[in-house]
Every structure is written in C-alpha cells, then in structure tokens.
Amino acid sequence: MSDIQRVAEQYIAVWNETDADKRRALIAEVFTEDAVYTDPLGAVTGHGGVDGFIAGAQAQFAGLRFSLPTAPDAHHDIARFQWYLGPEGADEPLAIGFDVITVEDGRIKQVLGFLDKMPG
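What comes next concerns the included structure. (Residues numbered from 1 in each chain as written. Predicted model: local features only at pLDDT ≥ 70, side-chain atom pairs only at ≥ 80, totals over all residues. Heavy atoms only, no water.)

## Considering the overall build of the protein
Moving on, step 1. Counting secondary structure elements, the protein contains three helices and seven strands.
Moving on, step 2. Counted from the first residue to the last, the protein has its helices and strands arranged as α-α-β-β-α-β-β-β-β-β.
Moving on, step 3. Projected onto the principal axes, the alpha-carbon positions of the protein cover approximately 35 × 30 × 25 Å.
Moving on, step 4. Each of the 120 residues in the protein was classed as buried or not, and the buried ones make up 37%.
Moving on, step 5. For the protein, the accessible area works out to roughly 6,600 Å², and carbon and sulfur atoms hold 52% of it.
Moving on, step 6. Side chains of the protein give 9 positive and 19 negative charges; the mean places of these two sets differ by 3 Å. (Helix = DSSP H or I, 4+ residues; strand = E, 2+ residues; numbered from the N terminus. Buried < 20%, exposed > 50% of the residue type's maximum accessible area, 1.4 Å probe, protein only. Areas by Shrake-Rupley, 256 points an atom, 1.4 Å probe, with all protein chains shown as cover. Lys, Arg positive; Asp, Glu negative; His and termini not counted. Charge placed at Lys NZ, Arg CZ, Asp CG, Glu CD.)

## Quick word on the pattern of salt bridges
Where side chains of opposite charge bring their charged atoms close, a pairing between them can arise.
Moving on, step 1. Taken as a whole and judged by the stated rule, the model has seven salt bridges.
Moving on, step 2. Here D51 ties to R23 by a salt bridge, and the two come within 2.6 Å at their closest N and O atoms. Remark: R23 occurs in helix α2 (residues 20-30) and D51 occurs in helix α3 (residues 46-60); sequence separation between them is 28 residues.
Moving on, step 3. A relative accessible area of 10% places D51 in the buried class. (Salt bridge = Lys/Arg side-chain N within 4 Å of Asp/Glu carboxyl O.)

## With respect to the packing of aromatic side chains
Moving on, step 1. Within the structure shown, the criterion is met by eight aromatic pairs.
Moving on, step 2. Note on W15 and Y37: the rings are 5.8 Å apart at their centroids and 50° apart in plane angle, and the pair reads as tilted. Taken together, the positions of W15 in helix α1 (residues 3-16) and Y37 in strand β1 (residues 31-39) put the pair 22 residues apart, joining distant regions of the chain.
Moving on, step 3. W15 sits in the buried class, given a relative accessible area of 7%.
Moving on, step 4. With centroids separated by 6.4 Å and ring planes inclined at 90°, the aromatic side chains of W15 and F53 adopt a geometry described as edge-to-face. Note that W15 is positioned in helix α1 and F53 in helix α3, a separation of 38 residues in sequence. Like F53, W15 is buried.
Moving on, step 5. Aromatic rings pair up to connect Y11, W15, F31, Y37, F53, F66, F81 and W83 into one cluster. (Phe/Tyr/Trp six-rings, centres within 6.5 Å; stacked < 30°, edge-to-face > 60°.)

Structure representation (structure tokens):
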C-alpha cells in the first residue's frame with residue numbers, strides 16, 4: 001500500500017470516528033498541527049478546527065459512513081480522491097465529494113474539498 005493510499009484511508013477513518021476522544025487522537029496522527037481544511041461549507045485551521053468541523057458534519061449526517069470508491073491519484077506530496085457518504089452497504093451514496101490533499105512528512109497539511117452531490 002502506498003503512503004498516499006494509507007493517508008487517504010486514515011483521513012476517511014477520521015471522518016467515520018464518532019467517539020470524540022478517539023477522533024481527536026486520530027486527527028493528531030493524520031493532520032499537521034497547522035492543517036487547513038477548506039470546502040464549500042467552511043474553512044478551518046488546526047486540530048481543533050478540523051475536529052469541530054467533522055463533529056458538525058457527523059451531527060448533520062448521523063449514521064452515515066464515508067468511503068473511498070477508488071484509489072487516490074497522486075504525485076509528489078499531492079493527492080486527489082473521490083469519497084462517498086451514505087448508509088453502510090447502500091448501492092447509491094447520498095453524497096459524493098472530491099478532495100485534494102497536500103501531505104507533509106506523512107501527515108495532511110491541507111485539504112481542498114469539493115461537493116459533487118449533496119442530499120436536498
């Protein structure tokens with residue numbers, strides 16, 4: 001497994017972790033301390049900002065899970081990948097997005113997120 005594949009899988013695991021303490025520990029492993037996350041719904045910086053943003057999304061989409069439908073496409077320290085959000089085992093995701101990450105020393109430094117499909 002490539003380092004970028006591992007980082008992308010860890011990133012998805014962070015979004016799926018609903019235990020706040022475990023999620024914060026994962027964020028500390030996966031993101032640099034000064035990481036920046038930006039998507040159409042918000043922009044945050046640092047571990048606390050990322051944690052708060054993810055907690056808000058989990059509250060809005062309770063019971064849904066993120067997944068990686070395909071392997072990331074990467075070069076240098078940059079990767080892009082699509083993600084799905086929906087009930088586990090569902091045929092069709094309720095939401096589809098696309099993220100571009102910058103990795104520094106094996107951890108995410110920046111996320112630029114795009115939303116391709118969102119529930120009404």
